[in-house]
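Residue-level listing of the chains:
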Amino acid sequence: MSSPAKISLAGVEKRFGPKVVLDGIDLSVARGESLVVIGGSGSGKSVLIKCILGILKPDAGAIHVDGLDAVRGGSDVREEILCKIGMLFQGGALFDSLAVWENVAFGLIQGRKMNKNAAKQIAIEKLKRVGLGADVADLRPAELSGGMQKRVGLARAIAAEPEIIFFDEPTTGLDPIMADVINDLIVESVRELGATTITITHDMSSVRKIADRVAMLYKGKIVWNGPRGQIDQSGNDYVDQFIHGRATGPIQMDVLKR
Amino acid sequence: MNFLAVIGRIVLSSLAMIGNLSVFAARSASHVVRPPLYARHIGQQMLRIGYFSLPVVGLTALFTGATLAQQIYVGGLRFNAESAVAGVVVIAIVRELGPVLAGLMVAGRVSSAMAAELGTMRVTEQIDALVTLSTNPFKYLVVPRLIAGVITLPLLVMVANIIGVYGGFLIGTERLGFNQASYLQLTVDFLERSDVVSSLGKAAVFGFIIALAGCYHGYNSKGGAEGVGRATTNAVVSAFILILLSNLIMTIIIFTQ
Ligand SMILES: Nc1ncnc2c1ncn2[C@@H]1O[C@H](COP(=O)(O)OP(=O)(O)O)[C@@H](O)[C@H]1O
Ligand SMILES: [Mg+2]
């Protein structure tokens, strides 16, 4: 943690109308570190990542990626930041009008202006990397199972060999075995690239497999932040309730309040 | 009291939407002049807007022209019936009915399809994914559709005009017993170059409106499948209103001395 942070957030706030989603987030991720953010559904985990990507603009606070100002920097700075980042979306977000290989090669062809044939070769290579054969390359995303779509999304996220990768609920909606396969793929590809990552999940097996460090988001704040090894002895009631999946505790679900 | 409040709310929200649409249009325009331009996408969209709208637009024009001819004939114009029918049909079709009907038919098909497509891309985070892959969604999705709309609608309206006049010609010659050659001659005599130019100019504006309404509502849709449905309906409604409104304004400007 002595090296300068790859990603740092200070006092980040985000509201939608009257609804406060992020309420002063301070967080930093060191170079090469794997941070996992846990928290219940609707706690603002995706919003947090979209603020770093510049898809959403925070109402207050500062975000820096590699020292570049993600909030106040112009579109050039944003471009530069986005070039460093690969993203696996919660629902896959594959382009359904394009073939699988075109999805994987999209950033290479459109973003980096690579020639189509070269990009297709890389796409097929990356697909193989996530355990999909070349026969899948020409199919449409709609023809694939959920697990395969996630893997294509993963291949697309790592295709341009980014320095930073965000994974938004990579295992949600998959069976436990496929979830484990995806977790392994994430760990392997991240190690290969030496990338800095933020993973969002509420799947504790992902946490134990992927995380160097864990941060818990609740009511717009980071209520706990520590190394993976300490998560079982965090002494934090929120974390304890979350990792054991108990309905009673300091975390009040909306259903219980009514 | 309540009634006034409702009207006020509708007026305010309409004004807000026109403002937002203008900002959206300006933002798109700023991307038209900066590369890259996705030429292949423009071609694809032209095919979708134009080619696949041909049957419905052609059919509408044919029946409208035919009905018009019959109506004018029975409308009491016994003297000079032939020149009245030929003249009114060609003027009405080229100046107003061709562009407006083609615009409305295409709006029903295309604005809704665009809103559904972009709306689905929005709610499934595909538009966000474009951003993370260093591709500007305005350039990649919106601009090709707008350009295709502006280019394609005039072509489509040209076809609609010809088919509409042909519809009148069919009724005139087959049913009302006019001479074919003289009907065509009268049609050509009545038509002026400025009519054709204004017809195609209107068509270009309608093409822009159709694509703009579809893209705007799709791009800004939220709230899952229901939101996409709402975006689709709103796209068609606002395209219809804007086409009719802009048509009135253009007619006033063009045809007032
Ligand atoms: N674009 C948006 N407009 C309005 N509200 C939003 C938007 N995006 C997210 N929200 C709200 O912010 C909250 C957090 O959402 P999200 O970050 O997606 O949760 P999760 O932690 O499950 O990823 C939710 O209550 C959601 O309704
Ligand atoms: Mg989420």
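Right, let's walk through the structure included here. Please read these numbers as outputs of a predicted model, since none were measured by experiment. (Residues numbered from 1 in each chain as written. Chains lettered and ligands numbered in written order. Predicted model: local features only at pLDDT ≥ 70, side-chain atom pairs only at ≥ 80, totals over all residues. Heavy atoms only, no water.)

1. A closer look at the overall build of chain A
Secondary structure assignment for chain A yields 9 helices and 10 strands. Computed over its C-alpha atoms, the radius of gyration of chain A comes to 18 Å, within 12% of the 18 Å expected for a compact globule of 258 residues. Over its C-alpha atoms, taken along the principal directions, chain A stretches across nearly 55 × 45 × 40 Å. In chain A, which comprises 258 residues, the proportion classed as buried is 51%. Carbon and sulfur atoms form 51% of the exposed surface of chain A, whose accessible area is close to 11,400 Å². One finds the centroid of the 32 positive side-chain charges in chain A at a distance of 3 Å from the centroid of its 31 negative side-chain charges. (Helix = DSSP H or I, 4+ residues; strand = E, 2+ residues; numbered from the N terminus. Rg over C-alpha atoms; globule rule 2.2 N^0.38 Å. Buried < 20%, exposed > 50% of the residue type's maximum accessible area, 1.4 Å probe, protein only. Areas by Shrake-Rupley, 256 points an atom, 1.4 Å probe, with all protein chains shown as cover. Lys, Arg positive; Asp, Glu negative; His and termini not counted. Charge placed at Lys NZ, Arg CZ, Asp CG, Glu CD.)

2. Here we look at the packing of helix α4 (residues 81–123) of chain B against helix α6 (residues 137–174) of chain B
In helix packing, the relevant descriptors are the interaxial angle and the interaxial distance, both defined with respect to the helix axes. Residues and elements named next belong to chain B. Taken N-terminus to C-terminus, the directions of α4 and α6 make an angle of 145°; their axes are 8 Å apart at the nearest point. Here α4 runs over α6; the crossing is right-handed. Among the residues making up the contact of α4 with α6, the classes are represented as 17 nonpolar, 5 polar and 2 charged. (Axes fitted to C-alpha atoms, helices over the stretch in contact; angles between N-to-C directions. Left-handed = near helix turned anticlockwise from the far one by under 90°. Nonpolar A, V, L, I, M, F, W, Y, C, P; charged D, E, K, R; others polar.)

3. Quick word on the pattern of salt bridges
All names here are of chain A. According to the stated counting rule, one finds 26 salt bridges over all chains in the structure shown. In this structure, D66 and K6 form a salt bridge, with 3.1 Å as the shortest nitrogen-oxygen distance. Taken together, the positions of D66 in the loop between β4 (60–65) and β5 (68–69) and K6 in strand β1 (residues 5–16) put the pair 60 residues apart, joining distant regions of the chain. Residue class for D66 comes out partly exposed when judged on its relative accessible area of 25%. Residue E33 pairs with R213 through a salt bridge whose shortest N-O separation is 2.6 Å. Note that E33 is positioned in the loop between β2 (19–30) and β3 (34–38) and R213 in strand β9 (residues 213–218), a separation of 180 residues in sequence. A single network of salt bridges, built from pairs that share partners, joins K6, R31, D66, K84 and E163. (Salt bridge = Lys/Arg side-chain N within 4 Å of Asp/Glu carboxyl O.)

4. Overview of the site of ligand 1
Residue and element names in this part refer to chain A. All residues adjacent to ligand 1 are F16, K19, V21, G40, S41, G42, S43, G44, K45, S46 and V47. In the model, an oxygen atom of ligand 1 is placed 3.0 Å from a nitrogen or oxygen of the G44 main chain. Within the contact set of ligand 1, an oxygen atom lies 2.8 Å away from a backbone nitrogen or oxygen of K45. Out of a free accessible area of 560 Å², ligand 1 has 64% covered by protein chains. Among the secondary structure elements, those contributing two or more residues to the shell around ligand 1 are β2 and α1 (45–53). (Near = heavy atom within 4 Å. Polar contact = N/O pair within 3.5 Å; in protein donor to acceptor, adjacent residues only side chain to side chain.)

5. Considerations on the nonpolar core
By size, the foremost hydrophobic cluster in this structure holds 83 residues, and its most contacted members are L9, L22, F166 and I198 of chain A. The element best represented in this core is α6 of chain B, accounting for 12 residues. Two domains each put at least three residues into this core: domain 1 (1–44 + 58–84 + 165–173 + 195–258) and domain 2 (91–161) of chain A. Those residues in contact with L22 of chain A that lie beyond four places of it in its chain are V12, E13, K14, G44, V47, L48, C51, L217 and G220 of chain A. (Core = buried A, V, L, I, M, F, W, Y, C linked by side-chain atoms within 4.5 Å. Domains from an automatic or database assignment. Contact = heavy atoms within 4.5 Å.)

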